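Residue-level listing of the chains:
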Amino acid sequence: MTEPQSASGQPLPPIEQPKSRYTGFYLTMLILSTVGTALSMFGLAEIATYIGYLNEHTVYAVTMLVSLVVVLPVSVVALVLLWLKKLAGIWLKLGTYVASIVAAIVTLFSGSDVLKLEAEKVLQETASAGIPASTVNALVSGMFYVALVFGIIISIVFALLWWFAWRKQRQADTEE
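The model shown is predicted, which means the values in this text are computed figures rather than measured ones.

All right, on to helix H3 (residues 58-83) then. With 26 residues, H3 extends 36 Å from end C-alpha to end C-alpha; this agrees with the ideal 38 Å at 1.5 Å per step. A maximum bend of about 35° is found in H3 at Ser 67. Buried within H3 we find Tyr 60, Ala 61, Thr 63, Met 64, Leu 65, Leu 68, Val 71, Leu 72, Ser 75, Ala 78, Leu 79 and Leu 82. Residues of H3 that are buried in the fold lie against helix H1 (24-40), helix H2 (47-52), helix H4 (87-110), helix H5 (112-126) and helix H6 (133-175). At the exit of H3 stands Lys 85, carrying a positive phi of roughly 60°.

This brings us to the environment of Ala 88. Assignment of secondary structure puts Ala 88 in helix H4. Separated by 10 residues in the primary sequence, Ala 88 and Ala 78 have C-alpha atoms spaced 7.3 Å apart.

This part is about the pattern of salt bridges. Counting across every chain of the model gives 3 salt bridges. Linked through salt bridges whose partners overlap, the residues forming this network are Lys 85, Arg 170 and Asp 173.

Tyr 26, Leu 30, Leu 82, Ile 90, Trp 162, Ala 165 and Trp 166 are the most contacted members of the largest nonpolar core, which totals 13 residues. Of the residues forming this core, the biggest block, 4 residues, is contributed by H6.

Cut-offs used in this document
- Residues numbered from 1 in each chain as written.
- Predicted model: local features only at pLDDT ≥ 70, side-chain atom pairs only at ≥ 80, totals over all residues.
- Heavy atoms only, no water.
- Helix = DSSP H or I, 4+ residues; strand = E, 2+ residues; numbered from the N terminus.
- Expected span 1.5 Å × (residues − 1).
- Bend = angle between axes of the 7 residues up to and from the residue.
- Buried < 20%, exposed > 50% of the residue type's maximum accessible area, 1.4 Å probe, protein only.
- Contact = heavy atoms within 4.5 Å.
- Salt bridge = Lys/Arg side-chain N within 4 Å of Asp/Glu carboxyl O.
- Core = buried A, V, L, I, M, F, W, Y, C linked by side-chain atoms within 4.5 Å.

Next up, the structure:
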């Protein structure tokens, strides 16, 4: 990246160089969160599936629907506010991570029946492949629980990273 230059083509002295609007850490978090939030939008395709689970698997369905129709939009709003460096943005963002952790924990305890349904679907699809049912059940269960634990870990890590990025950005803004 080249340094800003004066009209004469000479580099500006450090005192006159424009400061970056975002610290590198904060900008990295903004970009990662924007990508993550954009990818989360694909979950909206599952709304009909979760509505279908409402009668028999109510807690699981409600948890997933709240994640998609409440937490996801709040996460988008938080992200916009974070791009604008508004205090409400960090609190909303941290709140979405807490809500995601709670949703994952509720899913951990309410998803076993849905897990069995999904395993049965996979068994039907792989029946001709000769894969034993125990293997399919173990794979489906393993992926389900690993994804939940991984989601919780990611939420905790990103909440901490956001907190530190916010503090560093605030410090940089007050030094200007």
